[in-house]
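Examining the three-dimensional arrangement
So the chains spell out like this:
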Amino acid sequence: MTSGLDNLTPQQRSLLDRWLPGARVERDHSWGLVATTVLELTHGGSRFIVKAGGHTDGHIERELHAHRHWSAPWTSMGRAPMLAHGDAEAKLLVTTYLPGELVLGSEHADICATYRQAGELLALFHAQAAVEDDDYEGRENAKALASLSGSHRIGAATVERLRAEIAAWPTPAVTLVPTHGDWQPRNWLVHEDVVSVIDFGRAALRPASTDFARLAVRDFRRDPALEEAFLDGYGTDPREADAWHRNQVREAIGTATWAYRVGDEQFEAQGHRMIEALALA
């Protein structure tokens, strides 16, 4: 293996040489904003996707856990890649390759059938398990407050308003289910009109409604018919008003602060718009 592997550690290179000896890099799919290398390889006549995390990466371990414990409802139907190899300590995983194009930026991003399928897939994922958690809301509030204390470009007056609002929130027990964590068209593939799922790097136990957050900001706002189709596929709407508002505020803070740290100005601007919209609501 030669090109496209310069960012991998010696340990990661050694594991890949053992798992896929003689594999050839076909394409580099790395995003560039974070220290994760994503490569498409061929080996033995088959295609694979390799993900290698950087030193501070926390996503590979989540992704491995999701593949090993939660992916079966999708992989059993061929609607998600299957884990071929993985090593949490090395921050490295290899999955099978799924054919298709990203829904984001394609004509399928504006088709109701895409969102209906996405809703159906998400319902299967969420239905696998449910646990009660007394501390979830408090933990998430603490994360939001810590983000406000870090580096960002949210105005001082807005920061104080957000801090006061979060401090006044109740912290009820909530039901957590397996969630994807980044459920939106950039993590959906479509092949012959069938939608599949990629990227489990943010998978974790959370309230079901949190997987609606990123769609609500962009796609549902752009076309309410897409939201209707998604809910038709999902079967219900888990967004209870007060909990949904708290999640939207935390999501807005997280978007603006994380995007600032990694230098994604477009995503950062979206976070600021989210904060402003919530203030006006």
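Quick caveat, the model's predicted, so the values are computed rather than measured. (Residues numbered from 1 in each chain as written. Predicted model: local features only at pLDDT ≥ 70, side-chain atom pairs only at ≥ 80, totals over all residues. Heavy atoms only, no water.)

On to the overall build of the protein. Regarding its fold elements, the protein presents 11 helices and 11 strands. Its C-alpha atoms give the protein a radius of gyration of 19 Å, within 12% of the compact-globule value 19 Å for 281 residues. Principal-axis analysis of the C-alpha atoms gives the protein an extent of 60 × 40 × 35 Å. Buried positions account for 47% of the 281 residues belonging to the protein. In the protein, the proportion of contacts linking residues at least 24 apart, taken out of those at least 6 apart, comes to 66%. Of the accessible surface of the protein, which amounts to about 13700 Å², a share of 50% is contributed by carbon and sulfur atoms. Here the protein holds 28 positive side-chain charges and 40 negative ones, and the gap between their average locations is 4 Å. (Helix = DSSP H or I, 4+ residues; strand = E, 2+ residues; numbered from the N terminus. Rg over C-alpha atoms; globule rule 2.2 N^0.38 Å. Buried < 20%, exposed > 50% of the residue type's maximum accessible area, 1.4 Å probe, protein only. Contact = heavy atoms within 4.5 Å. Areas by Shrake-Rupley, 256 points an atom, 1.4 Å probe, with all protein chains shown as cover. Lys, Arg positive; Asp, Glu negative; His and termini not counted. Charge placed at Lys NZ, Arg CZ, Asp CG, Glu CD.)

Let's shift gears to the environment of Pro172. Tracing the sequence through the fold places Pro172 in the loop between α6 (156-167) and β8 (174-179). The class for Pro172 is partly exposed, based on a relative accessible area of 34%. The sequence separation of Pro172 and Glu140 amounts to 32 residues, and the corresponding C-alpha distance is 12 Å. Setting aside its immediate chain neighbours within four residues, Pro172 contacts Asp134, Glu137 and Arg246.

A few words on the pattern of salt bridges. Once the charged atoms of two side chains with opposite charge are near each other, the side chains can pair. Considering all chains together, one arrives at 17 salt bridges under this definition. For Glu26, the salt bridge goes to Arg24, with nearest N and O atoms at 2.8 Å. The class of Glu26 is partly exposed, set by a relative accessible area of 37%. For Arg24, a relative accessible area of 55% gives the class exposed. (Salt bridge = Lys/Arg side-chain N within 4 Å of Asp/Glu carboxyl O.)

A few words now on the UniProt feature "domain: Aminoglycoside phosphotransferase" (unreviewed entry) in the protein. What UniProt calls "domain: Aminoglycoside phosphotransferase" (unreviewed entry) maps, in this numbering, to residues 83-244. Overall, residues 83-244 shows 40% helix and 20% strand. The separation of its end C-alpha atoms is 33 Å. (UniProt positions renumbered as here; feature names shortened; annotations may be inferred.)

Trp74, Tyr115, Trp183, Trp188 and Phe230 are the most contacted members of the largest nonpolar core, which has 30 residues in total. Among the elements that line this core, the one with the most residues is helix α4 (residues 112-126), at five residues. When neighbours within four sequence positions are excluded, Tyr115 is seen to be in contact with His108, Ala109, Pro185, Trp188, Leu215, Asp219, Arg222, Leu226, Ala229 and Phe230. With 16 residues, the next largest nonpolar core counts Leu15, Phe48, Val50 and Val94 among its residues. (Core = buried A, V, L, I, M, F, W, Y, C linked by side-chain atoms within 4.5 Å.)

Let us now look at the environment of Leu39. You can see Leu39 is positioned in strand β2 (residues 36-43). A relative accessible area of 1% places Leu39 in the buried class. Spatially, the C-alpha atom of Leu39 lies 25 Å from that of Ala109, the residues being 70 residues apart in sequence. Among residues more than four places away in sequence, those in contact with Leu39 are Gly4, Leu5, Val25, Arg27, Asp28, His29, Phe48, Ile49 and Val50.

To continue, consider the packing of helix α5 (residues 136-149) against helix α10 (residues 241-262). As a packed pair, α5 and α10 sit with axes 9 Å apart at the nearest point and diverge in direction by 35°. Here the hand of the crossing between α5 and α10 comes out left-handed. Facing α5, whose interface residues are Tyr136, Glu137, Glu140, Asn141, Ala144, Ser147 and Leu148, α10 presents Arg246, Arg250, Ile253 and Thr257. (Axes fitted to C-alpha atoms, helices over the stretch in contact; angles between N-to-C directions. Left-handed = near helix turned anticlockwise from the far one by under 90°.)

Moving on, we come to the sheet that holds strand β11 (residues 204-206). Overall, antiparallel pairing links the three strands, which are arranged β7-β8-β11 in an open sheet. Each of the sheet's edge strands pairs with one partner strand only, and the pair in question is β7 (131-133) and β11. Averaged over all adjacent pairs, the angle separating strand axes in this sheet is 45°, with direction ignored. The pairing of β8 with β11 spans three bridges and is classified as antiparallel. (Pairing = 2+ DSSP bridges.)

Summed over all chains, the structure comprises one cavity of 30 Å³ or more. In this structure, the largest cavity encloses a volume near 30 Å³. Forming the boundary of the largest cavity are Ala213, Val217, Trp244, Gln248, Glu251 and Met274. For the lining of the largest cavity, the secondary-structure elements that each account for two or more residues are α7 (213-217) and α10. The greatest single-element share of the lining of the largest cavity, amounting to three residues, is contributed by α10. Residue classes in the lining of the largest cavity are distributed as four nonpolar, one polar and one charged. (1 Å grid on protein atoms, 1.4 Å probe; cavity = no way out; pocket = protein on both sides within 12 Å on 5 of 7 lines; lining within 4 Å. Points joined across faces, edges and corners; volume = space filled by probe spheres on them. Nonpolar A, V, L, I, M, F, W, Y, C, P; charged D, E, K, R; others polar.)

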